[in-house]
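This is what each chain is made of:
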Protein chains: 2
Amino acid sequence: MDVKTLCLGLLSFRPASGYDLKKEFESLFKHFFPAGYGSIYPALADLATAGYVECEEIAQQGKPDRKVYAITPAGQSAFSQALAQANPRHKLRSEFLATIYFAELMDADQLHELLDNRLAELRDAIAHIDQVSNGDRDLPAGARFVAGFGATLAAAAAAYIEEHGAMLLKDARQDSRRAKRPRRAAQTNLETRV
Amino acid sequence: MDVKTLCLGLLSFRPASGYDLKKEFESLFKHFFPAGYGSIYPALADLATAGYVECEEIAQQGKPDRKVYAITPAGQSAFSQALAQANPRHKLRSEFLATIYFAELMDADQLHELLDNRLAELRDAIAHIDQVSNGDRDLPAGARFVAGFGATLAAAAAAYIEEHGAMLLKDARQDSRRAKRPRRAAQTNLETRV
DNA sequence: TTAGGCATGTAAAGTGTTACATGATTTG
DNA sequence: CAAATCATGTAACACTTTACATGCCTAA
């Protein structure tokens with residue numbers, strides 16, 4: 001399942017332009033399947049070439065034509081097949097964890113910042129998901145499941161960092177260049193919560 | 001932080017061959033930063049060209065020379081800089097969740113299989129992490145944090161699927177072509193646990 | 001008047017995945 | 001006897017990311 005297939009799937013709900021699709025990617029998909037214009041526009045062009053979608057151009061004043069894509073019967077069946085495909089993957093690549101792995105080589109301030117940033121991102125993600133899923137009262141079951149999944153995992157990640165972040169700090173280097181400055185880290189979420 | 005940088009980081013602990021590094025990637029990194037030979041070998045070649053590592057070739061009988069790479073001072077400082085870099089990302093791309101998003105377009109058997117497969121993968125991941133981290137009693141703090149993080153999140157994901165998987169099944173299509181067969185799904189983890 | 005939203009795309013660069021290619025030794 | 005482990009790498013392919021390129025309208 002690549003961006004192209006996902007676009008096709010979204011078009012199976014309703015016709016949309018590339019711009020519209022980008023907004024959908026920004027809302028729920030943002031945290032588990034991000035995509036930018038650079039992926040979406042070429043994907044739509046490919047889908048049109050394959051005959052899976054049809055494009056209606058709507059002229060506008062002062063803006064480029066709005067190109068609204070609609071799925072075709074061929075597209076519907078192609079998407080069904082894609083859904084039925086055996087093994088959808090769940091790929092994670094975390095530079096955050098890779099960095100933490102080398103915690104002993106970092107000084108305490110660096111580590112603090114790293115953990116705090118990640119915590120902030122996780123809280124933003126949770127807020128974002130809540131906002132998106134509360135905005136739409138009757139979200140379909142699939143969307144609700146996905147939103148709940150995302151929020152739950154983000155909460156678990158945040159809780160883990162809060163509970164276990166301290167164990168990294170103990171071992172971390174005290175960087176002499178920084179030790180004399182008042183500890184900026186003292187005001188962080190981490191310190192106040194752990 | 002790409003595969004190249006991570007290889008450099010691993011070499012900062014001890015010298016190793018590409019084959020050795022692959023094994024390290026298979027152990028703890030497997031679930032949050034996977035890499036294959038196709039990434040590792042070119043990475044080592046690039047690092048050597050950049051002067052960040054040095055290679056000692058050890059002749060062997062019946063096997064290609066074993067090339068053991070060791071980090072250089074230049075490599076050490078390059079890696080330190082990479083660690084200090086502000087914003088390590090945490091990238092997720094889940095075809096699993098993308099598929100679930102379209103749950104209403106799938107029939108119940110398909111969904112069951114999908115959820116069960118994912119549950120099985122999560123349990124394997126947890127078992128794998130436990131095995132790896134119990135194998136080594138005095139794992140450094142960074143590694144312990146990462147292992148715990150992975151196991152915790154996998155457990156949270158599994159729990160979420162067990163608790164909320166049923167809400168997808170209710171809405172799912174009953175596929176008439178399959179309805180008459182004895183329900184294979186009846187023996188799954190999901191059914192017995194939810 | 002400035003920032004943000006609307007609206008399209010292209011091109012190059014960067015990365016990673018998969019398949020290919022080879023072959024001896026050890027373990028069950 | 002078969003499968004796994006040891007051991008290296010290349011080449012093609014796929015895919016995404018980022019930067020570039022353009023330009024009007026609306027709301028604060």
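See above for the structure.
The shown structure was predicted, so the numbers you read here are calculated from the model rather than taken from an experiment.

Caption draft 1: Layout of the overall build of chain A. Of the regular secondary structure elements, chain A holds nine helices and three strands. Secondary structure of chain A in N-to-C order comes out as α-α-α-β-β-α-β-α-α-α-α-α. By the burial criterion, 46% of the 194 residues in chain A qualify as buried. Taking all contacts inside chain A whose residues are at least 6 apart in sequence as the whole, residues at least 24 apart take part in 60%. Taken as a whole, chain A presents about 9,900 Å² of accessible surface, with 49% of it coming from carbon and sulfur.

Caption draft 2: Broad picture of the protein's contact with DNA strand C. The environment of DNA strand C is formed by 18 residues, the closest being Tyr19, Tyr41, Gln60 and Lys67 of chain A together with Gly62 of chain B. A distance of 2.9 Å is found between a phosphate oxygen of DNA strand C and a backbone nitrogen or oxygen belonging to Tyr19 of chain A. Within the side chain of Tyr41 of chain A, one N or O atom sits 2.8 Å away from a phosphate oxygen of DNA strand C. Of all the elements in the fold, those that place two or more residues in the surface near DNA strand C are α2 (18-27), α3 (37-50) and β2 (66-71) of chain A together with α3 (37-50) of chain B. In terms of residue count, the dominant contributor to the surface near DNA strand C is β2 of chain A (three residues). Class assignment for the residues of the surface near DNA strand C results in six nonpolar, six polar and six charged.

Caption draft 3: Inspection of the interface of chain A and chain B at higher detail. Facing 63 residues of chain A, the contacting portion of chain B comprises 64 residues. Interface area for chain A against chain B, summed over the two sides, is near 6,300 Å², with a carbon-plus-sulfur share of 70%. Per-residue buried area on chain A facing chain B is highest for Arg93, Tyr101 and Phe145 of chain A; these three make up 13% of the total on that side. Connecting chain A to chain B are two salt bridges. In this structure, Glu121 of chain B engages Arg89 of chain A in a salt bridge whose closest nitrogen and oxygen atoms are separated by 3.8 Å. Where chain A touches chain B, the interface holds 16 residue pairs in polar contact (both at pLDDT 80 or more). Contributing elements (two or more residues each) for the side of chain A that touches chain B: α1 (3-11), α4 (73-84), β3 (90-94), α5 (95-101), α6 (108-135) and α7 (141-171) of chain A. For the side of chain A that touches chain B, the leading source of residues is α7 of chain A, giving 19 residues. Across the side of chain A that touches chain B, the residue classes tally to 40 nonpolar, 14 polar and nine charged. Looking at chain direction, β3 of chain A and strand β3 (residues 90-94) of chain B are connected through five bridges and run antiparallel. Paired with Ser94 of chain A across the strands is His90 of chain B, a residue of β3 of chain B.

What counts, and at which threshold
Along each chain, numbering runs from 1 in the same order as the chain's sequence is written. Going through the entries in the order they are written, you letter the chains from A and number the ligands from 1. For a predicted model such as this one, the threshold for reporting local features is a pLDDT of at least 70, and the threshold for listing and counting side-chain atom pairs is 80 or more; totals across whole chains, interfaces and linings nevertheless cover every residue. To get the side-chain values, all heavy atoms of the structure are used, and hydrogens and water are removed first. Runs of E in the DSSP output that reach at least two residues are strands. Runs of H or I that reach at least four are helices, and both are numbered from the N terminus. The cut-offs for exposure are 20% and 50% of the maximum accessible area for each residue type, with area from a 1.4 Å probe on protein chains only; residues under the lower value are buried, those over the upper are exposed, and the others partly exposed. In this description, contact between two residues means that some pair of their heavy atoms is separated by no more than 4.5 Å. Only the protein chains shown count as covering a residue, and every accessible area follows the Shrake-Rupley method with a 1.4 Å probe. If a single non-hydrogen atom of a residue is within 4 Å of a molecule or strand, that residue counts as near it. In protein, a polar contact means a hydrogen-donor-capable atom and an acceptor-capable atom, both N or O and within 3.5 Å, with residues adjacent in sequence counting only if both atoms are side-chain atoms; elsewhere, any N or O pair within 3.5 Å suffices. Residue type decides the class: Asp, Glu, Lys and Arg count as charged, Ala, Val, Leu, Ile, Met, Phe, Trp, Tyr, Cys and Pro as nonpolar, and the leftover types, Gly among them, as polar. The quantity reported as buried area is the accessible area (1.4 Å probe) lost by two parts once they are put together, taken as the sum for both. Every case where a carboxyl oxygen of Asp or Glu lies within 4 Å of a side-chain nitrogen of Lys or Arg is listed as a salt bridge. Paired strands, as defined in this entry, are two strands with at least two bridges between them according to DSSP.

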